[in-house]
Amino acid sequence: MIKSKLNSYLILNLVPLVVLTLLALRKDPSSLIPSLLLFLTISLYMVSVLIYLTGLSPSIYLYNGKTFAFYTFSVMPLLLLNIVLSMFGPYYAFVDLLLLPVALYLLLKGFTKWDRNESRCF
């Protein structure tokens, strides 16, 4: 069930991906690769943290103060680091490739955590 929700998220992300690609190609084609890299890595990291912390019920579990604090403190430093690094040029985005193993690890941990707790209703 969580995997189908993740697939829905990835399909819905196609719209902003297309918009980002078109805007980057129109305004500054040299920024296309760093922009796509930032979009894909940060999106995957944020959704993997969300899946790990909240499973299938982000709207319920995210209102828990402790869960929201964990989510905020796992995402905000990354975003602040990206803002600071962006001052030095567009190719800082390659640093975000380091997020991929972390995101995949959190996804796998989230799948095992919530598949074990998920109640099957048919």
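Now for a quick tour of the structure. Computed from a predicted model, the values in this text were never measured in an experiment.

### Things to note about the side chain of Asp96
Part 1 of the reasoning: Looking at where Asp96 falls in the secondary structure, it is placed in the loop between helix 5 (65-85) and helix 6 (99-117).
Part 2 of the reasoning: Non-local contacts of Asp96, meaning those with residues more than four positions away in its chain, are made with Leu38, Thr41, Ile42, Leu78 and Asn82.

### Considerations on the environment of Leu108
Part 1 of the reasoning: Locating Leu108 in the fold gives a position in helix 6.
Part 2 of the reasoning: Leu108 sits in the exposed class, given a relative accessible area of 57%.
Part 3 of the reasoning: With 60 residues separating them along the chain, Leu108 and Ser48 place their C-alpha atoms 8.8 Å apart.

### Observations concerning the packing of helix 2 (residues 14-27) against helix 3 (residues 32-54)
Part 1 of the reasoning: Put simply, helix 2 and helix 3 touch, their axes get as near as 9 Å, and they point 160° apart. With respect to each other, helix 2 and helix 3 are oriented roughly antiparallel. Crossing geometry of helix 2 relative to helix 3 is assigned as right-handed. On helix 3, the residues touching Pro16, Leu17, Leu20, Thr21, Ala24 and Leu25 of helix 2 are Leu32, Ser35, Leu36, Phe39 and Leu40.
Part 2 of the reasoning: Of the residues assigned to the contact of helix 2 with helix 3, the class counts are nine nonpolar, two polar and no charged.

### Some thoughts on the nonpolar core
Part 1 of the reasoning: Residues Leu38, Ile42, Tyr45, Val49, Tyr71, Leu78 and Leu99 are the most contacted members of the largest nonpolar core, which totals 14 residues.
Part 2 of the reasoning: Of all elements in the fold, only helix 3, helix 5 and helix 6 reach the threshold of two or more residues within this core.
Part 3 of the reasoning: Excluding residues that lie within four positions of it along the chain, Tyr71 makes contacts with Met46, Val49, Leu50, Leu53 and Leu62.
Part 4 of the reasoning: In this structure, Val47, Ile51, Leu107 and Phe111 belong to the second largest nonpolar core, which totals seven residues.

Reading guide: rules and limits
- Residues numbered from 1 in each chain as written.
- Predicted model: local features only at pLDDT ≥ 70, side-chain atom pairs only at ≥ 80, totals over all residues.
- Heavy atoms only, no water.
- Helix = DSSP H or I, 4+ residues; strand = E, 2+ residues; numbered from the N terminus.
- Contact = heavy atoms within 4.5 Å.
- Buried < 20%, exposed > 50% of the residue type's maximum accessible area, 1.4 Å probe, protein only.
- Axes fitted to C-alpha atoms, helices over the stretch in contact; angles between N-to-C directions.
- Parallel < 35°, antiparallel > 145°, perpendicular 65-115°, else oblique.
- Left-handed = near helix turned anticlockwise from the far one by under 90°.
- Nonpolar A, V, L, I, M, F, W, Y, C, P; charged D, E, K, R; others polar.
- Core = buried A, V, L, I, M, F, W, Y, C linked by side-chain atoms within 4.5 Å.

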